[in-house]
Amino acid sequence: MVIWTILMYSSLEILSVGNRVTENNVKNFWLITDVILLIIVVLGFIKKRIQIPKIRKKVNRFNVVLAFSLFLIWGISFIMAMRIVPYNWDSLTYHLPRIMHWVQNKSVAHYATNIDRQIASPPLAEFINLHIYLLMGKKDVAFNLLQCMSFGSCIVLTVAIAKKLGCNNFFGFLAGFLYATMPIAFAESITTQNDEYATLWLLFFAYIIIDLYKNPELECDWFYIERTILLSCCIGFGYLAKPSIGFGIACFAIVLLIMCFRNGTKLKALFMLLLTSGMTILMIIIPEVSRNIQTFHGLSDPGTGARQLVGTLNLSYIFINFLKNFLYNTPNLYFQTNNICESIIYWLANRLNVVLNDPAISEDGRQFEMMSPGILNHNSAVNELIFWSSIFLVILAIGVWIYCTVKRKKKELNSAEKVSIIFCITSYAGFLMICMFMRWEAFVSRYMLTYLALLCVMIPVLLNILMQEYNLKPIGYAVIGVIMFVGTSESVKMLEYHADAYQNSVQKDRIEAYFYFCGEGNAYDYSQIAKEIQEQGYHNVGLLTGMDTFEYPLWYLLNDDGYRIEHINVNNMTKIYEDQTFVPDCIFVREWEPRLGEFDYHGQHYVAEDPESKIGTYLLIKSDMKNE
């Protein structure tokens with residue numbers, strides 16, 4: 001995965017230098033890469049360095065059923081992902097339009113846009129989708145593939161991490177089952193969001209760092225250098241995928257440093273490994289960071305990254321923000337919690353003199369509300385099974401520890417079990433950190449996905465220890481039964497819910513399907529405007545839009561190399577890239593206030609094609625063309 005990402009990322013950066021990111025160049029690059037990889041694999045088989053793993057004759061039938069269920073859930077998500085048209089707000093406003101601009105510009109360099117999220121948002125997922133788009137012959141049929149494949153990879157990684165922490169096959173598959181049936185994970189697997197992909201990097205980071213937890217006396221040999229480089233790649237690429245994974249990385253890294261000092265790691269070895277890590281991370285992020293510095297005069301857009309974090313150091317406000325996020329996943333269909341949780345939050349906010357909807361702890365001052373039970377969409381899905389299972393087991397584990405301490409019956413854990421406990425504590429600490437410092441919003445479930453994935457591993461690991469070491473098998477089997485029942489029920493509900501989006505994509509025209517989630521009535525307006533542009537022979541199209549405009553459907557309708565589409569009259573920090581020589585034949589206007597009857601741009605006078613129309617999406621054309 002790391003090598004593949006390095007190839008993808010570096011090829012784009014190199015090709016962008018000469019504005020050579022084209023369909024032919026990308027296809028040629030991967031053709032050459034595939035030939036080289038094929039030669040390496042063939043030589044590996046010839047020299048017997050690569051061996052086909054032997055299949056065990058004896059297998060547990062229940063484990064086979066669990067493994068099959070994981071593959072089935074992923075298989076269904078794959079079918080849906082390949083058929084469902086990108087329809088969510090993020091996809092249509094900035095995830096996909098930025099890819100279209102890169103293709104048009106033949107470079108991933110920054111450009112002028114009225115929707116600054118197209119520039120400010122982490123780009124790595126779209127870099128990959130840019131490759132996919134060009135490899136598919138400039139067709140958008142596989143944009144959901146990255147998230148879907150990341151979903152499957154995360155299932156595999158949760159299983160692998162659990163087994164690496166001492167779990168048997170059953171508990172490993174249980175970790176995968178928890179992830180596969182998590183509503184937000186499945187919902188994201190059929191979209192073009194990037195949270196699933198970011199989760200993949202943190203899980204891979206966790207998988208590798210376990211090796212160092214088991215051998216914390218670091219040395220400057222190949223074993224530690226290799227893992228340091230891999231961990232650093234996870235940090236660098238994870239940052240470019242979604243910086244919010246930084247809380248988890250920080251928790252794991254701090255724990256590793258503590259373990260190193262406790263086990264007598266030499267400062268020279270530690271310094272050399274940290275230097276290697278820093279250089280690797282810098283090599284990965286420096287191209288994008290340098291672009292951000294040029295555009296935003298900082299590491300990122302000050303209005304994008306900062307607004308996701310709490311905007312205050314007041315401990316009372318941070319505590320209330322923590323409660324709002326921590327209790328986000330409590331709603332469920334089995335017992336009523338919403339009223340109790342809301343009452344607690346409102347009461348504590350009042351007692352602590354905290355303004356509950358203050359913009360510092362609520363995105364844009366949004367009104368706080370608990371989610372309704374059973375929400376399953378890609379923005380706000382509630383993940384009650386993970387939340388309640390984890391909190392029950394954490395409380396149980398703490399209770400067992402206190403009991404054993406008081407009764408002086410503490411059991412000596414071996415080194416592997418200690419690593420498992422450390423992993424569980426660190427994972428839960430990461431979850432608590434994001435609850436504390438991520439500013440509450442109605443869509444915070446997406447940011448939690450990465451940390452809920454760690455809890456999917458923590459739950460079976462804790463269960464395994466409690467059942468095997470503390471003989472709590474009756475409680476363990478009861479918890480497993482609940483997990484299997486609720487997880488299966490969740491799966492059925494998820495499939496029923498997302499079947500609507502699938503049917504919408506199969507039965508409707510693609511342009512209609514884009515607006516399935518966010519206003520189907522817009523499809524006709526876009527289609528009519530695109531038809532007008534094509535019939536009148538306009539080639540240069542200016543974009544005069546608001547920050548929330550669905551830009552991508554216009555690109556789809558005008559998917560032809562004969563058009564040049566540019567944002568104009570840009571008033572944000574990307575305006576430095578606006579082409580002063582660009583003169584549009586027409587201007588696409590949407591969500592622009594006030595409504596324009598006429599407009600002057602670069603020495604040309606434009607007028608509304610239909611000044612009597614009250615539709616919010618319309619065209620401005622050159623006045624001389626209208627007179628003709």
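Conventions adopted
Residues numbered from 1 in each chain as written. Predicted model: local features only at pLDDT ≥ 70, side-chain atom pairs only at ≥ 80, totals over all residues. Heavy atoms only, no water. Phe/Tyr/Trp six-rings, centres within 6.5 Å; stacked < 30°, edge-to-face > 60°. Helix = DSSP H or I, 4+ residues; strand = E, 2+ residues; numbered from the N terminus. Buried < 20%, exposed > 50% of the residue type's maximum accessible area, 1.4 Å probe, protein only. Lys NZ or Arg CZ within 6 Å of the ring centre and 35° of its normal. Core = buried A, V, L, I, M, F, W, Y, C linked by side-chain atoms within 4.5 Å. Contact = heavy atoms within 4.5 Å. 1 Å grid on protein atoms, 1.4 Å probe; cavity = no way out; pocket = protein on both sides within 12 Å on 5 of 7 lines; lining within 4 Å. Points joined across faces, edges and corners; volume = space filled by probe spheres on them. Nonpolar A, V, L, I, M, F, W, Y, C, P; charged D, E, K, R; others polar. Axes fitted to C-alpha atoms, helices over the stretch in contact; angles between N-to-C directions. Left-handed = near helix turned anticlockwise from the far one by under 90°. Expected span 1.5 Å × (residues − 1). Bend = angle between axes of the 7 residues up to and from the residue. Pairing = 2+ DSSP bridges.

Undergrad: Would you mind showing me how to read the packing of aromatic side chains here?
TA: The full count for this structure, using the stated rule, is 34 aromatic pairs. Their ring planes at 15° and their centres at 6.3 Å tell us that Phe247 and Phe437 sit as a pair that is stacked. A residue pair is termed long-range when its members are at least 10 positions apart, and Phe247 in helix H12 (residues 246-262) and Phe437 in helix H17 (residues 415-437) qualify at 190 residues. Here the aromatic rings of Phe326 and Phe431 are separated by 6.0 Å at their centres, their planes lie at 50°, and the arrangement is tilted. In this pair, Phe326 is assigned in helix H14 (residues 315-326) and Phe431 in helix H17, connecting sequence segments 105 residues apart. The burial state of Phe326 is the same as that of Phe431; both residues are buried. The ring of Tyr207 is capped by Lys164, whose NZ or CZ atom sits 3.7 Å from the centre of that ring. The ring of Tyr618 carries the charged tip of Arg595 above its face, separated from the ring centre by 4.0 Å.

Undergrad: Any chance you could explain the nonpolar core here in plain terms?
TA: Across soluble globular proteins, nonpolar side chains have a tendency to be buried as a group. The biggest cluster of nonpolar side chains holds 187 residues, and the ones touching the most others in it are Leu124, Tyr179 and Leu463. Those residues within four positions of Tyr179 in sequence are excluded, and the remaining contacts are Phe151, Cys154, Ile155, Thr158, Ala185, Glu196, Thr199, Leu449, Ala453 and Cys456. Residues Ile568, Leu596, Tyr606 and Ala608 belong to the second largest nonpolar core, which totals 13 residues.

Undergrad: Would you take a moment to explain the layout of surface pockets for this structure?
TA: Leftover empty space is mapped by rolling, across the atoms, a probe with the size of a water molecule. Computed from the structure, the second largest pocket encloses a volume of approximately 770 Å³. Lining the second largest pocket are 24 residues, and of these Ala397, Trp401, Leu413, Ile421 and Ile425 lie nearest its centre. It is H17 that provides the largest number of residues to the lining of the second largest pocket, a total of 8 residues. Split into classes, the residues belonging to the lining of the second largest pocket amount to 20 nonpolar, no polar and 4 charged.

Undergrad: I'm lost on the packing of H14 against H17 in this one. Help?
TA: Packed helices, taken two at a time, are described by their axes: the angle between them and the distance between them. At a closest axis distance of 6 Å, the pairing of H14 and H17 adopts a crossing angle of 115°. As H14 packs across H17, the resulting crossing turns out to be right-handed. Contacts between H14 and H17 involve Ile318, Asn321, Phe322, Asn325 and Phe326 on the former and, on the latter, Tyr428, Phe431, Leu432, Ile434, Cys435, Met436 and Phe437.

Undergrad: Please clarify how helix H13 (residues 267-296) should be interpreted in this entry.
TA: Helical geometry: 3.6 residues make up each α-helical turn, so side chains three or four residues apart lie on a common side. In this model H13 runs just 37 Å from its N-terminal to its C-terminal C-alpha over 30 residues, more than 12% under the 44 Å that 1.5 Å per residue would give. Taken as a whole, H13 carries its principal kink of about 50° at Ile286; the proline Pro287 stands between one and four residues after it. Phi turns positive, to about 60°, at His297, one or two residues after H13.

Undergrad: Whenever I open this one, the sheet that holds strand S4 (residues 598-601) confuses me. Can you help?
TA: One open sheet holds the 6 strands; their spatial order is S2-S1-S3-S6-S5-S4, and the pairing between them is mixed. For this open sheet the edge positions go to strand S2 (564-567) and S4, each flanked by a neighbour on one side alone. Taking the axes of each pair of neighbouring strands and ignoring which way they run, one obtains an average angle of 30° across the sheet. Note that strand S3 (residues 586-590) and strand S6 (residues 617-622) share 5 bridges and pair antiparallel. Bridge pairing in S6 links Arg590 to Thr617. The sheet strands contacting helix H21 (residues 522-536) are strand S1 (540-545), S3 and S6, and the helix crosses S6 at an angle near 20°.

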